[in-house]
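What follows is the residue order along each chain.
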Amino acid sequence: MDKAIRIRAARPTDADREAVARLNAAVPRDERHDIEPRSPGALGELDELLARRGHALGRHVAEVVATGEVVAYGHTFHVPWAHHPARFWCSVRCDPGHRRRGIGAGLFAAMGRDLERLGARALRAMARETQPEMVALAARLGFRELFRSWDFELDLAPGNAPRAGEGAPCAGDGSPPPGIAIAPLSEERARRPGCLAELHALYLAVSREVPLPNHVDPELPAEAFAAYLEGWPASLPEACFIAKDGGRYVGLCILHRNEEDPACLDHLFTGVAAGSRGRGVARALKLETIAFGRRRGFARIATAVESNNPGMLALNEQLGFVRRGGLVVLEKRL
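Here the residue index of a chain counts from 1 through its sequence in written order. In keeping with the model being predicted, local features are shown solely for residues with a pLDDT of at least 70 and side-chain atom pairs are shown and tallied solely at 80 or more, while totals for entire chains, interfaces and linings include all residues. Hydrogens are left out, water is left out, and the side-chain values use all remaining heavy atoms of the structure.

Caption draft 1: Up close: the overall build of the protein chain. To qualify as a helix, a DSSP run of H or I must reach at least 4 residues; to qualify as a strand, a run of E must reach at least 2; elements of each kind are numbered from the N terminus. Tallying secondary structure elements over the protein chain gives nine helices and twelve strands in all. Using C-alpha atoms as the atom set, the radius of gyration is obtained and then compared with a globule rule of 2.2 Å times the number of residues to the power 0.38. Relative to the 2.2 N^0.38 estimate, which gives 20 Å for 334 residues, the radius of gyration of the protein chain is 21 Å and therefore close to what a compact globule would have. With respect to the principal axes defined by its C-alpha atoms, the protein chain has extents near 65 × 40 × 35 Å. Only protein chains enter the accessibility calculation, which uses a 1.4 Å probe. A residue is then buried if its area is under 20% of the maximum for its type, exposed if over 50%, and partly exposed in between. Classification of the 334 residues of the protein chain by burial places 49% in the buried group. In this description, contact between two residues means that some pair of their heavy atoms is separated by no more than 4.5 Å. Residue pairs in contact within the protein chain that sit at least 24 positions apart in sequence constitute 69% of those at least 6 positions apart. For the protein chain, the separation between the mean place of its 45 positive charges and that of its 42 negative charges on side chains is 4 Å. Positive charge is attributed to Lys and Arg, negative charge to Asp and Glu, and no charge count is given to His or to the chain ends. Note on charges: their place is set at NZ of Lys, CZ of Arg, CG of Asp or CD of Glu.

And the structure:
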């Protein structure tokens, strides 16, 4: 490693959080990961979440000795969306001008000491499919592929609907399964002001099964869940749809505005209660989101599906979603 660079433990200060957030913000959009906060405030929220859950966090930075400039960081923490006391997640980012100088190796060595002290048995990471050099580096470090999370996009142009016999219609004209009614969150809230408590329980039950951080914390408290649905700048409650079986909620999908692309809707979450799966509930929910997007003049819907979820992969294909690349999820046994 270059003698002009030193690795040290990150401090819980505004300066260090700003430096880490700056490195994340500089990552090109098509290489970003959801769990890499791009503002000091968001990074602080991640740290507070981990502390609140009792999850370990170890963060190190690489700085230029002469100036104190932080040019890289690495951190490890318990995986909050698939928690196990011996399973950790890691992320490393380095300023492009300081790569290939051994900084990454130094950060991994520092993180390795943290993991050994904590009794870690597995370390997970991810890389974009468009970064084969990162996947190859991970392999050299002892990581193996677990699964992939693929990005999908649906063109909402009217002429893009599949022809008869080529899959489900994309115009939102499919009927829900027998006994199932679909309603937007905005209307359901007007009918049942207290519905968020039951929706929160449904969200918690389903989201624990998702193996990636492509949605908010699976143990999200009730107040934070309400803000996620209705209070964030990107929240769009009229585009979140609920599936009801009589008076019971059995399905939920959550969509937000894409804050960087006003023509795009981000489909963040689709969940169906275990006892109601296999009835076409997820398909009915997604058809409603597609119809909403077209009515409101959005150009596309973006989502992500894991390679170990064949049912949702098949549904996306039927509805006309096109794969646009994705993430390789890796694990190293320690």
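Caption draft 2: Structural detail: the sheet that holds strand S4 (residues 87-94). Only when DSSP finds a minimum of two bridges between them are two strands counted as paired. The strand order S1-S2-S3-S4-S5-S12-S6-S11-S10-S9-S8-S7 describes an open sheet built from twelve strands, whose pairing is mixed. Each having just a single partner strand, strand S1 (5-9) and strand S7 (180-184) make up the two edges of the open sheet. Shown here is a sheet whose adjacent strand axes are inclined to one another by a mean of 20°, direction ignored. Both strand S8 (residues 241-245) and strand S9 (residues 248-257) contribute to a ladder of five bridges, which runs antiparallel. Opposite Ala243, over in S9, you have Gly251 as the bridge partner. Fitted lines through C-alpha atoms serve as axes, helices being fitted only where they are in contact, and the angles separating the N-to-C directions of these axes extend from 0 to 180 degrees. Running over the sheet, helix H3 (residues 103-118) touches S1, strand S2 (57-64), strand S3 (70-78), S4 and strand S5 (122-128) and is turned about 25° from S3. Against the sheet, helix H8 (residues 281-295) contacts strand S6 (144-155), S7, S8, S9, strand S10 (264-272) and strand S11 (300-306), and its axis sits at roughly 160° relative to S10.

Caption draft 3: Quick peek at the packing of aromatic side chains. Two aromatic rings, drawn from Phe, Tyr or Trp (for Trp, its six-membered ring), form a pair once their centres lie within 6.5 Å of each other, and the interplanar angle then sorts them: stacked below 30 degrees, edge-to-face above 60, tilted otherwise. Scanning the entire structure with this criterion turns up six aromatic pairs. The interplanar angle of 50° and the centroid separation of 5.0 Å between the aromatic rings of Tyr203 and Phe269 together place this pair among those described as tilted. Pair noted here: Tyr203 is in helix H6 (residues 196-207) and Phe269 is in strand S10, with a separation of 66 residues, a long-range link. Assigned by exposure class, Tyr203 and Phe269 land together as buried. Aromatic rings pair up to connect Tyr203, Phe225, Tyr228, Trp232 and Phe269 into one cluster.

Caption draft 4: Representation of the packing of H8 against helix H9 (residues 310-319). In contact at an axis separation of 11 Å, H8 and H9 are set at 40° when each is read in the N-to-C sense. With respect to H9, the element H8 is oriented oblique. Between H8 and H9 lies a crossing of right-handed hand. Of H9, the residues touching H8 (which contributes Ala282, Arg283, Lys286, Leu287 and Ile290) are Met312, Leu315, Asn316 and Leu319. When grouped by side-chain class, the residues that make up the contact of H8 with H9 number six nonpolar, one polar and two charged. For this classification, under 35 degrees means roughly parallel, over 145 means roughly antiparallel, 65 to 115 means roughly perpendicular, and everything else is oblique. Put simply, a crossing is left-handed when the front helix is turned counterclockwise from the back one by less than a right angle, and right-handed when it is turned clockwise. Classification convention: Asp, Glu, Lys, Arg as charged; Ala, Val, Leu, Ile, Met, Phe, Trp, Tyr, Cys, Pro as nonpolar; all other residues, Gly among them, as polar.

Caption draft 5: Broad picture of the pattern of salt bridges. By salt bridge we mean one thing: a side-chain nitrogen of Lys or Arg within 4 Å of a carboxyl oxygen of Asp or Glu. Overall, the coordinates contain 21 salt bridges when judged by the stated rule. Residue Glu63 pairs with Arg8 through a salt bridge whose shortest N-O separation is 3.1 Å. With a gap of 55 residues between them, Glu63 in strand S2 and Arg8 in strand S1 connect regions that are remote in the sequence. Exposure class is identical for Glu63 and Arg8. Each is buried.

Caption draft 6: Looking closely at the nonpolar core. Joining through side-chain atoms within 4.5 Å is the link that ties buried Ala, Val, Leu, Ile, Met, Phe, Trp, Tyr and Cys residues into a set, and such a set is a nonpolar core. Ranked by internal contacts, the top residues of the largest apolar core, which has 49 residues, are Leu199, Tyr203, Leu252 and Ile254. Take this core: its biggest share by element is seven residues, from H8. When residues no more than four places from it in sequence are discounted, the contact partners of Leu199 are Leu185, Phe225, Ile242, Tyr249 and Leu252. Ala19, Val61, Val79 and Leu327 belong to the second-largest nonpolar core, a separate cluster that totals 16 residues.

Caption draft 7: Seen up close, the environment of Lys244. Along the polypeptide, Lys244 turns up in strand S8. Given the relative accessible area of 15%, Lys244 is considered buried. Side chain to side chain, Lys244 and Glu188 meet in a polar contact 3.0 Å long. Polar contact criterion, stated in full: a pair of N or O atoms within 3.5 Å, where within protein one must be able to donate a hydrogen and the other to accept it, and residues adjacent in sequence count only if both atoms are side-chain atoms.

Caption draft 8: Looking closely at the environment of His98. Residue placement: His98 occurs in the loop between S4 and H3. Assessed through its relative accessible area of 16%, His98 is described here as buried. The spacing of His98 and Pro176 is 78 residues in sequence and 55 Å in space, taken between C-alpha atoms. Beyond its immediate chain neighbours, meaning those up to four positions away, His98 contacts Ile5, Val64, Val71 and Ile103.

Caption draft 9: Structural detail: the pairing of S6. Both S6 and strand S12 (residues 322-333) contribute to a ladder of eight bridges, which runs antiparallel. Bridged to Trp150 within S12 is Gly326. In terms of strand pairing, S6 meets S11 through seven bridges, oriented antiparallel. When the bridges of S11 are listed, Phe152 appears paired with Thr303.

Caption draft 10: Examining unusual backbone geometry more closely. In this structure, Arg100 is a non-glycine residue whose phi angle is positive, near 60°. Topologically, Arg100 is positioned in the loop between S4 and H3.

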